[in-house]
Amino acid sequence: SSGINAEYGGTQWFSLCLLAAGVVLVQWKDASPDAPDGFSLIGLGAIVCATLTSGFAGVSFELMLKTTDKSIWLRNFQLALCSCVVGLGSVLLTQREHIAAHGLLHDFNSTILAVILSQAYGGLLIGLVVKYSDNIVKVFATSLSILLSSLLSILYLRELAFTMTFGMGLILVLSASVLYSLYPPKKKAD
């Protein structure tokens, strides 16, 4: 069902709250004792701002894809072009000396190319999910990918340790995903 023409009830909102709590727990890191006072509030404020802007961007993207007759490929190209301009500007501002000394493509190798292609492929997949499903399904997919990445870091890369908070977050994310898929939003009557 389309997120734009859907009616969300208590079950859907509850599953979204479960999802948010689960992602917070999966990503939870204990505060460093060296962190200055108020540091946590600044971080919380930054997360709230990022969440709100991401939500508004997702809804705008869904509206753009579903209410215009332009192809999804054209829209993705337009967004990619904007991202390239912003990214190149950022690199030129922050790495000017390094680029002058070594060139723009210094250290560019097959691993970096694989990451770039993976990100491009992911962007196309996100566009297709939002076009043919809705932004909330994309949020669930992103949350599950965070969970999977964390599990891979624990099991194979040994960069993270399995903690009680991670386990609780894992259960919440999976429960929210199942709950949302069992009780999808109803289409609004026209």
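Okay, so let's go over this structure. (Residues numbered from 1 in each chain as written. Predicted model: local features only at pLDDT ≥ 70, side-chain atom pairs only at ≥ 80, totals over all residues. Heavy atoms only, no water.)

1. Here we look at helix 7 (residues 164-182)
The criterion, for reference: Elements are defined by DSSP. Helices are runs of H or I of four residues or more, strands are runs of E of two residues or more, and each kind is numbered from the N terminus. Between the first and last residue of a helix there are one fewer steps than residues, each counted as 1.5 Å, and that sum is the expected span. Here's how the labels work: a residue is buried when its accessible area is under 20% of the maximum for its type, exposed when over 50%, partly exposed in between, all with a 1.4 Å probe on protein chains only. In this analysis, two residues are considered to be in contact whenever any of their non-hydrogen atoms come within 4.5 Å of each other.
The terminal C-alpha atoms of helix 7, which comprises 19 residues, lie 27 Å apart, in line with the 27 Å expected from a rise of 1.5 Å per residue. Turning to helix 7, its buried residues number three or more, namely F166, G167, G169, L170, V173, A176, S177 and Y180. Packed against the buried residues of helix 7 are helix 1 (10-27) and helix 6 (135-155).

2. Comments concerning the packing of helix 3 (residues 72-94) against helix 5 (residues 110-132)
Helix packing for two helices is described by the angle between their axes and how far apart those axes are. Which entries qualify depends on this criterion: Note on definitions: angles span 0 to 180 degrees between N-to-C directions of axes, and those axes are lines fitted to C-alpha atoms, for helices only across the stretch in contact. Between 65 and 115 degrees an angle is taken as roughly perpendicular, under 35 as roughly parallel, over 145 as roughly antiparallel, and anywhere else as oblique. Each crossing gets its handedness from the near helix: less than a right angle anticlockwise from the far helix is left-handed, clockwise is right-handed. Amino acid classes used here: Ala, Val, Leu, Ile, Met, Phe, Trp, Tyr, Cys and Pro are nonpolar; Asp, Glu, Lys and Arg are charged; the rest, including Gly, are polar.
Where helix 3 meets helix 5, the axes come as close as 10 Å, and the angle between the chain directions of the two elements is 130°. Comparing their axes, helix 5 and helix 3 come out oblique. The handedness of the crossing between helix 3 and helix 5 is right-handed. Residue-level inspection shows I72, W73 and N76 of helix 3 in contact with helix 5, the latter providing G123, L124, G127, L128 and K131. The class makeup of the residues in the contact of helix 3 with helix 5 is four nonpolar, three polar and one charged.

3. A few points about the nonpolar core
Using the following cut-off: Remark: nonpolar core denotes a set of buried residues (Ala, Val, Leu, Ile, Met, Phe, Trp, Tyr, Cys) joined through side-chain atoms within 4.5 Å.
Residues L19, I136, F140, L147, F166, V173 and A176 are the most contacted members of the largest nonpolar core, which totals 14 residues. Elements supplying a minimum of two residues to this core: helix 1, helix 6 and helix 7. Other than its neighbours up to four places away in sequence, F166 contacts L25, V26, L147, S150, L151 and I154.

4. Topic: a nonpolar patch on the surface
Note the threshold: Like-charged residues are merged into a patch within 9 Å and nonpolar side chains (Val, Leu, Ile, Met, Phe, Trp, Tyr) within 5 Å, provided each residue has over 30% relative accessible area and no salt bridge. In these tables, accessible area is a Shrake-Rupley quantity obtained with a 1.4 Å probe, and a residue counts as shielded only by the protein chains included in the view. By salt bridge we mean one thing: a side-chain nitrogen of Lys or Arg within 4 Å of a carboxyl oxygen of Asp or Glu.
Nonpolar side chains collect at one region of the surface, where L88, V91, L92, L104, L105, F108, I112, L113, I116 and L117 lie side by side and expose about 880 Å² of accessible area between them. Secondary-structure elements contributing two or more residues to the nonpolar patch are helix 3 and helix 5. The element best represented in the nonpolar patch is helix 5, accounting for four residues. Tracing the backbone through its elements, the reader meets I116 in helix 5. By relative accessible area, I116 is classed as partly exposed at 43%.

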